[in-house]
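Remarks on the overall topology
As a plain string of letters, each chain reads:
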Amino acid sequence: MPQLINYGKEMLRVSAKGVEYSTSGGRSWMTRYSGSSCGTFLDLLPYGNELLAVTTKGVYYSTSQGRSWMSRYTGSSCGDFISLADGGRELLATTSKGLYYSTSAGRSWMKRS
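Throughout what follows, the structure given in this document is the object of discussion.

Parameters at a glance
Residues numbered from 1 in each chain as written. Predicted model: local features only at pLDDT ≥ 70, side-chain atom pairs only at ≥ 80, totals over all residues. Heavy atoms only, no water. Helix = DSSP H or I, 4+ residues; strand = E, 2+ residues; numbered from the N terminus. Contact = heavy atoms within 4.5 Å. Buried < 20%, exposed > 50% of the residue type's maximum accessible area, 1.4 Å probe, protein only. Polar contact = N/O pair within 3.5 Å; in protein donor to acceptor, adjacent residues only side chain to side chain. Pairing = 2+ DSSP bridges. Axes fitted to C-alpha atoms, helices over the stretch in contact; angles between N-to-C directions.

Some details on the side chain of E50
- Within the fold, E50 resides in strand β6 (residues 50-55).
- Aside from chain neighbours lying at most four places away, what touches E50 is Y7, L45, Y61, S62, T63 and R72.

Below is the structure:
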């Protein structure tokens, strides 16, 4: 099932095509980002002035509403990232190795015991 979020006046979702957006309440969708350098998108999270994404290559961020993406974390010590959540003072990540948290906007991660 594709991830879907409200982002300002738009809806964003991840799909097999990449990141898509709708300005019609989901009645029609247009491609926002379809590049492959980030891997396959799995999850999206609005975070402050950024949009964060979990991909098959790690955690990426966008300051352009998802039009372009930059790598935030691509290390392998956490396992494969599955999803992100905003925990208030920290980011939370579900990974193939368990629950991790970050107090550096996703630049580094520690395992939650």
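Continuing now.
Some words on the side chain of E20
- When you line up the elements, E20 lands in strand β3 (residues 18-22).
- Note on E20: relative accessible area 4%, which makes it buried.
- Within the structure, E20 has its side chain in polar contact with the side chain of R13 (distance 2.7 Å).
- Engagement of the side chain of E20 in a polar contact is seen with the side chain of S15, the distance being 3.4 Å.
- Excluding anything up to four places from it in sequence, E20 contacts M11, L12, R13, S15, W29, M30, T31 and R32.

A closer look at the sheet that holds strand β11 (residues 98-102)
- With antiparallel pairing, the 4 strands of this open sheet are ordered in space as β9-β10-β11-β12. A single partner strand is all that each edge strand has here, and the edge strands are β9 (81-86) and β12 (110-111).
- Pairing analysis gives 2 bridges linking β11 to β12, with the strands arranged antiparallel. Paired with Y100 across the two strands is K111, which belongs to β12.

Side note on the sheet that holds strand β1 (residues 4-7)
- With antiparallel pairing, the 4 strands of this open sheet are ordered in space as β1-β2-β3-β4. Two strands close off the open sheet at either side, each with one partner strand: β1 and β4 (30-33). Strand after strand, the sheet turns through a mean of 35 degrees between neighbouring axes, direction not considered.
- As defined by bridge partners, β1 adjoins strand β2 (residues 10-15) across 4 bridges and the pair is classed as antiparallel. Within β2, the residue paired with Y7 across the bridge is E10.

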